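# Survey of secondary and tertiary structure
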Amino acid sequence: MYSSAYVWAKVLGHMESKLTAPLISTWFDDTEVVELTDTKLVLYSPSSYRKDIILRRCADYIKDAMQDLFGVNIELSVLDEEELKAFKEKNKKPDFIEFNPQFTFDKFVVGSSNRFAHAAALAVAKNPAEAYNPLFIYGPSGLGKTHLLYAIATEVHHAHPEFNIVYIKGDQFTNELIEAVRQGRNIEFRSKYRSADLFLVDDIQFIAGKESTQEEFFHTFNNLYENHRQIVLTADRPPKEMNLLEDRLKTRFEWGLLADIIPPDYETRMAIIKNKAYSLGMDFPDDVCAYVAENITFNVRQIEGTVNKILAYHDLDGMPLTVANVARAIKDMHPDDAGGMPTPGLIISEVSRFYSIEEQVLRGTLKTKNTAEARQVAMYLVRKLTNMSLPDIGKEFGRDHTTILHGINKIEKLLMDPAMGLQDNIRDIISNINNKL
């Protein structure tokens with residue numbers, strides 16, 4: 001079967017031969033397809049009066065069009081506002097995502113750096129929409145924010161298997177919205193998120209600066225909040241520091257509880273190392289744990305990756321677990337050795353994500369206003385954040401060094417004008433890059 005948007009457009013076009021275009025515009029301009037199968041077409045019209053007109057005067061035309069165009073005999077239904085809500089409720093089928101079994105509350109190592117966020121997340125999981133709504137957890141990448149989201153989802157699912165639990169990343173929300181608009185599936189998109197009993201959004205900072213996405217998310221948030229549904233959001237910074245986020249969203253994100261997570265202290269790092277090693281069937285000597293805890297300090301993800309690497313050396317090479325051997329094995333994972341310098345690939349990836357442009361498009365030759373700015377911002381940041389020469393940067397974009405220099409100069413001129421707002425874009429992109437290092 002074709003997409004519902006395509007089918008409905010063809011049906012309206014077919015009916016123009018029997019009804020005038022003004023009549024079709026009058027009765028169908030705000031009508032949307034709710035469901036389409038080989039035997040059934042369900043439409044939505046917000047006006048009860050128009051719904052009655054469609055059923056009494058136009059139903060046969062619609063059925064004839066479906067028969068003539070697609071060779072199917074369909075049963076037609078038209079729903080008004082109240083009937084649509086009942087239809088959604090009746091047809092709602094909670095489909096729980098099986099999250100990583102490692103990401104549960106009992107496997108979350110609690111320390112002074114994350115105790116408050118852990119307690120808040122547990123309270124929300126025990127009493128959805130009763131304790132803190134929304135719950136906004138923020139902190140740098142790799143400290144356990146996603147772990148807490150998954151733990152909430154798993155806990156709520158066990159206690160309320162009938163709940164519709166929806167998890168999404170901020171940039172995925174934008175991408176799905178774009179696709180829904182393109183395919184004419186706005187009503188399905190809204191139904192998916194506004195029917196959630198538990199709405200979990202990871203990396204909400206990625207909707208900042210995207211006008212249509214923020215507008216849609218604002219109404220989704222309001223709908224869920226007013227219907228007493230639990231909302232949990234994570235981000236790399238508090239709402240007030242999201243320069244491109246609309247004030248009305250900042251205010252709503254602060255309605256409930258803000259809980260931050262900071263890099264783990266020494267004792268917490270020790271506990272994480274021991275727990276991770278134990279879960280992998282090993283018992284690290286105390287001096288090895290202490291060495292890793294003293295040298296790998298940035299985030300939980302980095303610490304766990306270090307333990308994995310040590311165990312790989314031990315299992316594959318038979319490396320004895322001594323401090324000297326571990327020091328050699330993980331020397332490339334020390335922050336000082338990495339120098340905190342991002343790769344051009346990471347920079348381009350984060351610029352692409354910020355501007356909602358695919359990487360191959362950013363590296364390509366398409367010249368719209370949005371892609372041109374994104375491409376030049378990427379060139380500027382590669383030059384600013386790495387030691388690469390202009391010719392080497394040119395190779396990343398398939399251009400010569402003079403084109404790269406022109407793009408960099410243009411961004412530098414734009415940054416001199418605060419009214420352009422480019423400073424905020426650059427600041428947010430750099431923050432996103434730093435969180436990935």
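The residue numbering used here restarts from 1 in each chain and proceeds along that chain's sequence as written. pLDDT decides what is reported in this predicted model: residues at 70 or higher carry local features, side-chain atom pairs at 80 or more are listed and counted, and totals for whole chains, interfaces and linings draw on all residues regardless. For side-chain calculations, the full set of non-hydrogen atoms in the structure is used, while hydrogens and water are omitted.

### Remarks on the sheet that holds strand 5 (residues 165-169)
Sheet strands associate in pairs through backbone hydrogen bonding, adopting either a parallel or an antiparallel arrangement. The condition is simple: One requirement defines pairing of two strands: DSSP has to find at least two bridges between them. Every helix listed is a DSSP run of H or I at least four residues long, and every strand listed is a run of E at least two residues long, numbered separately from the N terminus. The axes are straight lines fitted to the C-alpha atoms, using for helices just the contacting stretch, and the angles between their N-to-C directions are given from 0 to 180°. Here, two residues are considered to be in contact whenever any of their heavy atoms come within 4.5 Å of each other.
Ordered in space as 5-6-7-4-8, the five strands form an open sheet in which the pairing is parallel. Edge strands, defined here as strands with exactly one partner in the open sheet, are strand 5 and strand 8 (257-260). Strand after strand, the sheet turns through a mean of 15° between neighbouring axes, direction not considered. Where strand 4 (residues 135-138) meets strand 7 (residues 230-235), four bridges bridge the pair, whose relative direction is parallel. Paired with Leu135 across the strands is Val232, a residue of strand 7. Packed onto the sheet, helix 5 (residues 115-126) meets strand 4, strand 7 and strand 8 and runs at close to 135° relative to strand 8. Strands strand 4, strand 5, strand 6 (198-202) and strand 7 of the sheet are contacted by helix 6 (residues 145-159), whose axis makes an angle of about 165° with strand 6.

### A look at the packing of helix 19 (residues 390-397) against helix 20 (residues 401-415)
Rule in force here: Any angle between 65 and 115 degrees counts as roughly perpendicular, while under 35 counts as roughly parallel, over 145 as roughly antiparallel, and the rest as oblique. The residue classification treats Ala, Val, Leu, Ile, Met, Phe, Trp, Tyr, Cys and Pro as nonpolar and Asp, Glu, Lys and Arg as charged. All others, Gly included, are polar.
The interhelical angle for the contact between helix 19 and helix 20, taken along N-to-C directions, is 95°, at an axis separation of 8 Å. By the angle class used here, helix 19 and helix 20 are roughly perpendicular. Together, Leu390, Pro391, Ile393, Gly394 and Phe397 of helix 19 and His401, Ile404, Leu405 and Ile408 of helix 20 make up the contact between the two elements. For the contact of helix 19 with helix 20, the residue count by class is seven nonpolar, two polar and no charged.

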